[in-house]
Amino acid sequence: MAASLFAGAQEAVSPQVFIYAPNERAGLHIAQLADNGWQEIGQLCSSDYGTWGQEKRMYHPSLCRAQDGTWRLVFQINDKSPMFAAAYSKDLVTWRPQDYPIMTSRQCLNPVVFPNPDGSFDIYFKTKGGDKRWTSATTDFRRFAPDRASQISEDAWLRDTATIAGKLMEGCLFELTPAELQTVTNHFQRQAADRKISQERMYEDARNPNMPHLPVSATLTVTGQEKSISDKLIGIFFEDISYAADGGLYAELIQNRDFEYIPKDHRGWNATTAWDSRKPIVVVAVDPLSENNPHYAVLGNDTIINEGWDGIAVKAGDRYDFSMFVRNITSDKKQFIVQLIDEDNRVIAKTDLKTQNKDWQQYSAVLTPRETCPRARLVIIGLKDAKAGIDMVSLFPQETFMNRKNGLRKDLAETIAALHPKFIRFPGGCMSHGQGLENIYHWNHTVGPLQDRKPDFNIWGYHQTRGLGFFEYFQFCEDIGAEPLPVLAAGVPCQNSSNNRDGIGGQQGGIPMDQMPAYIQELLDMIEWANGDPATSKWARMRADAGHPAPFNLKYIGIGNEDIIGTVYEERYEMICRAIRAKYPDIRICGTVGPFHTPSADYTEGWDFTKRHPDLQYMVDEHYYESTGWFMHHRDYYDHYDRNAAKVYLGEYAASTQTKRPNMETALAEALYLTDIERNGDVVEMTSYAPMLAKDDHHNWDPDMIYFSNTEVRPTPAYEMQRLFSVYSGDCYVKTVLKAQVEREPGASADQTPDVSHRLGASLVHDSKTGKKYLKLVNALPQPLILTVDGLTIPEGARCEGFEGRPEEQTVEVKSIVLEGKTLRLPPYSFRVIEF
Ligand code: AHR
C-alpha cells in the first residue's frame, strides 16, 4: 500500500508506522504518522555485516509480521556477496543478532520477505543479471533452504513510500497497536535519557549546576551483613594489539627475524622489511629451516642491517644473546662478523661466527655493548663470496623477566606483575578469533621450537612471530601467580572480518561443519597439553619437552570473543562446549555476549542463550568501553543480575573522556564502578581493563593501561587504580551504606539540592586468609568529602594509600597517607584505600 493512501488516516485508531532505511549507512528507522505528516521516531537497528568502513550497510530493508505478531527483517548487505541479512524481533526494539544465510548466487539483491500460512517465510531476491531467486526460512528464521530460480511477478518488489523530512522514502507501512507503539517510544525515551546522563564529565564540573559548591558531609554505615565474593576480581587482559607482543612484552630485539613479513601483515611489507643493505637482499625458500618458516636470506660477501623495533635499545655492560640459523650453500665454511652499531654508525659491540655445516644449524654468541644506545642496529657481515642462508636471527637481553630464555621484557613484565593480577586472559580479543577463518588463532601453531612456530598476520595490522606463544603465556601466569585464561575462537572469526575470495565476510559462515570436529579436537588438545600427564599424552609430553613436566593446572577456558550471537555462532559454540564438558567436566568455560552492554542485540541473545543452556558455561564475558558519565550513572548494573545464572567476567572495559587517555577522571569513574563490582562480587567473578599495553607510535587503540617505548614504561592512573583494587582485595564483602548530606546553597529549596551519590563510592572487603580488612573510598566530587564512619573502628595508624588530582591530569602519584582522628577527609577528586 502506498503512503499517500494514508493521507486521511487521522481517524485511524491504530497508529501507522513506516519502517525504512534513510540511506545505506543509517540502519533501519521508524517513523510515525502524525497530524503533521510522517515524523521520524528513531533507529531500530543497523547492519552488523562485515568490516567497519567498507561494509556495515543496509540496502532495501523488507519487513513482515509473522502470525504471532513478531517481526522478520531481510536486507541487502552489498552487491558482491552471496548473502543477505536476516533478523528477528518480538517488538521492533530488540533484534536478534543478524544471520547471513549463504546462497548459491553471487549477489542477493533487494531481498523481500513474505509470511506463509504454515508459519514459514519466503524470501525472494535478484541477481545482478536480473534473475529472480527464492529461498524459504523456518518459523524461527534460523534455517534457510537452498535457493532456487523463481518466476514470481515484479509486484513482489513494490515498496510503500512516505515523505519524511521532505524526502520521499521507500519502505514498509504497518499498523501497530497503541501498546506496541508505546513500547517503541518508551525505548527511544529511555535511550535519550541514558544518553543525557552518560554525557556528564568531571572536567566540566565547574559549569555543572548540579555540583556542590561547599564541602560535602557523608556517613558510611557498616551494617555487619557479609557475603562471599570472588577472590579473582582483578586480572589482566593481554592482547597482541598496539605492538604489545612482538616489539613489546616479548623481549626479542630483532624485527622480522624470520624474513617472513608479507604485505598481508601490513601494506608494503615484505621479507626484507626492517632489514637494510647496500645491495638488494636475496631471499629464497629452497630447503628451508622449517616448512612453517620457509624464507631466509642468502649472504655472500654482503652486509645486512636490522633496525630492530624502532631501533634496538641496549645498555652498556649488559649481555645480549645473539643467535642465528645458518646453512652453508656453496662452501662448507663461512665466517660472519656481527656488530651492534650506534646512531653514528660506531661499533659498540662485536663478535664473529664461524659456520661449518651444509645443514641448518644454530650458532650463538654474546654481545656486550660498551655504550648505552637507545637506537642501536644489528649488523651482519658475510665474509668472502661463499653463499650461506641465514634465518631466525635473534638478539635477546640475557636479563629478561625471571631470566627466562625466550623471555619477556623485564621492566614491562615487572610492571604487570606489580598489579598482582589474579588471572591473565590471552592471547587477545579480536586477535584471537582473527580476520577471517584463515586467521583464527591456532594455539598449536605457537608452541614448540621457535623456527617451527607458524607466523601469521595480526588483525591489528602487523605480524605475529608467535615467539610469545602458549608456553610463554602459561609460564608467565605461573611466574606471577595468575590463573591462565586462554581465549580461543568459537569456530567463527571476528564478526568484522572482510569478505573472503567468495565474497563472504563477517563470520564468513563459520568453520565449515565438516571441519568442526578437527577444530574441537584442537581445543581439547590444548587442555591436554596444559594439564595432561607426559607419561600418557603426546601433548603433555610436548609441554614437558619444553621444560615444564608439571601440569599448568588450567581451570578456565574462554570460547569466543565479542561474536555475533547468531545461529552460526550458537551452533558451533554449543558443539565446542559439549565436547569440553564431556571430556573435561571441571574446566570452567567462559562464553561471550558480544561487544556491548545491555540492551544490545548480542548481549540480549547471548544472555538468553546462556540461560537456555545453563549446563554449557560457567561464566560469560561482557565488554563495554564507555564514557565516564556512563560508568558514574550505571553503578547498579550488576545489582539485579540473577545470582543463580552464569557468573560474569567483565573481560574488557575502560572509561574514557574526550582525550582518549586515562586520566584522574577516568580512573575515578572506574574506581566508583569497581566499588560496585566488589559489592556484586558474588555474581562478577573476574574483571580486566582493556587494552593493557600500547607502544608509542603504534597505537591501534586508546585509552590503554600502560604506555611504553623501547626505554620507558609509563603506567597511567588506570593502572594505579587497577593495582590498588588488586593488591587490596578480599574474598568477603561487608555491606555498607553511604549517605551524603549536601549543603544547600543559600536560598535553594530542598528539591534543588543535588544528588551526588553517583560521585561517591565505598567498599569494605576482608580477606579470610589474612584477616585483613580493606576500605576503599572514592570522592569524585569537586569538593572535599567529610566522612564519618559508623559501626566500624578504624585503628589509629591504619595504613592508607591514595591519590588525588584534577580530572584532566594524566599522571598520579600514589601516596601513603596518615589518618588523623575519627573523621576521614577526602580531598576533591580523590581515592583512598585503608588497610587494617
Ligand atoms: O581491546 C581491544 C579490542 O576491543 C579487542 O580486541 C576486542 O575484543 C574489542 O573489540
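Described below are features of the structure shown in this document. Values in this document were obtained by computation on a predicted structure and should not be read as measured data.

What counts and what doesn't
- Here, residues in each chain are numbered from 1, in the same order as that chain's written sequence.
- Totals for whole chains, interfaces and linings use every residue, but because this is a predicted model, local features are given only for residues with pLDDT of at least 70 and side-chain atom pairs only at 80 or more, for both listing and counting.
- Only hydrogens and water are removed before side-chain values are computed, so all heavy atoms of the structure are retained for them.
- Only protein chains enter the accessibility calculation, which uses a 1.4 Å probe; a residue whose area is less than 20% of its type maximum is buried, one above 50% is exposed, and one in between is partly exposed.
- Under the scheme used here, helices are H or I runs from DSSP no shorter than 4 residues and strands are E runs no shorter than 2 residues, and both carry numbers assigned from the N terminus.
- Pairing between two strands is assigned when DSSP locates at least 2 bridges connecting them.
- Salt bridges are defined by distance alone: a side-chain nitrogen of Lys or Arg within 4 Å of a carboxyl oxygen of Asp or Glu.
- Working rule for contacts: check all heavy atoms of both residues, and any pair within 4.5 Å makes them a contact.
- Only Phe, Tyr and Trp rings take part, Trp by its six-membered ring, and two of them pair if their centres are within 6.5 Å. Stacked means planes under 30 degrees apart, edge-to-face means over 60, and tilted covers everything else.
- Two conditions define a charge sitting above a ring: the NZ of Lys or the CZ of Arg must be within 6 Å of the ring centre, and it must be within 35 degrees of the ring normal.

**Side note on the pairing of strand E17 (residues 296-299)**
Working step 1: Here E17 shows a buried face lined by Tyr 296 and Val 298 and a second buried face lined by Ala 297 and Leu 299.
Working step 2: Taken together, the three bridges between E17 and strand E25 (residues 388-397) define a ladder with antiparallel strand orientation. The partner of Leu 299 across the bridge, within E25, is Ala 388.

**Details of the pattern of salt bridges**
Working step 1: Throughout the structure, instances matching the rule amount to 49 salt bridges.
Working step 2: Across the pair Arg 588 and Glu 685 runs a salt bridge, and its minimum N-O distance is 3.6 Å. Of this pair, Arg 588 sits in strand E31 (residues 588-592) while Glu 685 sits in strand E34 (residues 684-689), placing them 97 residues apart in sequence.
Working step 3: Looking at Arg 588, the relative accessible area reads 33%, which means it is partly exposed.
Working step 4: Look at Glu 685 and you get buried, because its relative accessible area is 7%.
Working step 5: Taken together, the shared-partner salt bridges in this structure form one network comprising Arg 142, Glu 570, Glu 605 and Arg 612.

**Quick look at helix H4 (residues 470-479)**
Working step 1: Within H4, nine of the 10 residues are buried, leaving the element largely enclosed by the surrounding structure.
Working step 2: Looking only at H4, the buried set comprises Phe 470, Phe 471, Glu 472, Tyr 473, Phe 474, Gln 475, Phe 476, Cys 477 and Asp 479.
Working step 3: Where the residues of H4 are buried, they touch helix H2 (410-417), strand E26 (423-426), strand E29 (483-488), helix H5 (516-531) and helix H6 (538-545).
Working step 4: Just past H4, the residue Gly 481 takes up positive phi, approximately 70°.

**Digging into the packing of aromatic side chains**
Working step 1: One pass over the full model with this rule turns up 54 aromatic pairs.
Working step 2: Each ring, one from Tyr 261 and one from Trp 269, has its centre 4.6 Å from the other, and the planes form 10°; the classification is stacked.
Working step 3: On the basis of relative accessible area, Tyr 261 is assigned to the buried category, the value being 2%.
Working step 4: Taking 5.6 Å as the distance between ring centres and 85° as the angle between the ring planes, the aromatic pair formed by Phe 401 and Phe 476 counts as edge-to-face. Of this pair, Phe 401 sits in the loop between E25 and H2 while Phe 476 sits in helix H4, placing them 75 residues apart in sequence. Of the two residues, Phe 401 and Phe 476, neither departs from the other in class, the shared state being buried.
Working step 5: The rings of Phe 238, Phe 426, Tyr 441, Trp 443, Phe 470, Phe 471, Tyr 473, Phe 474, Trp 529, Trp 539 and Phe 552 are connected pair by pair, giving a single aromatic cluster.
Working step 6: Against the face of Trp 157 rests Lys 126, its NZ or CZ located 4.4 Å from the ring centre.
Working step 7: Seen from the ring of Tyr 618, Arg 588 lies directly overhead, with NZ or CZ sitting 4.2 Å from the centre.

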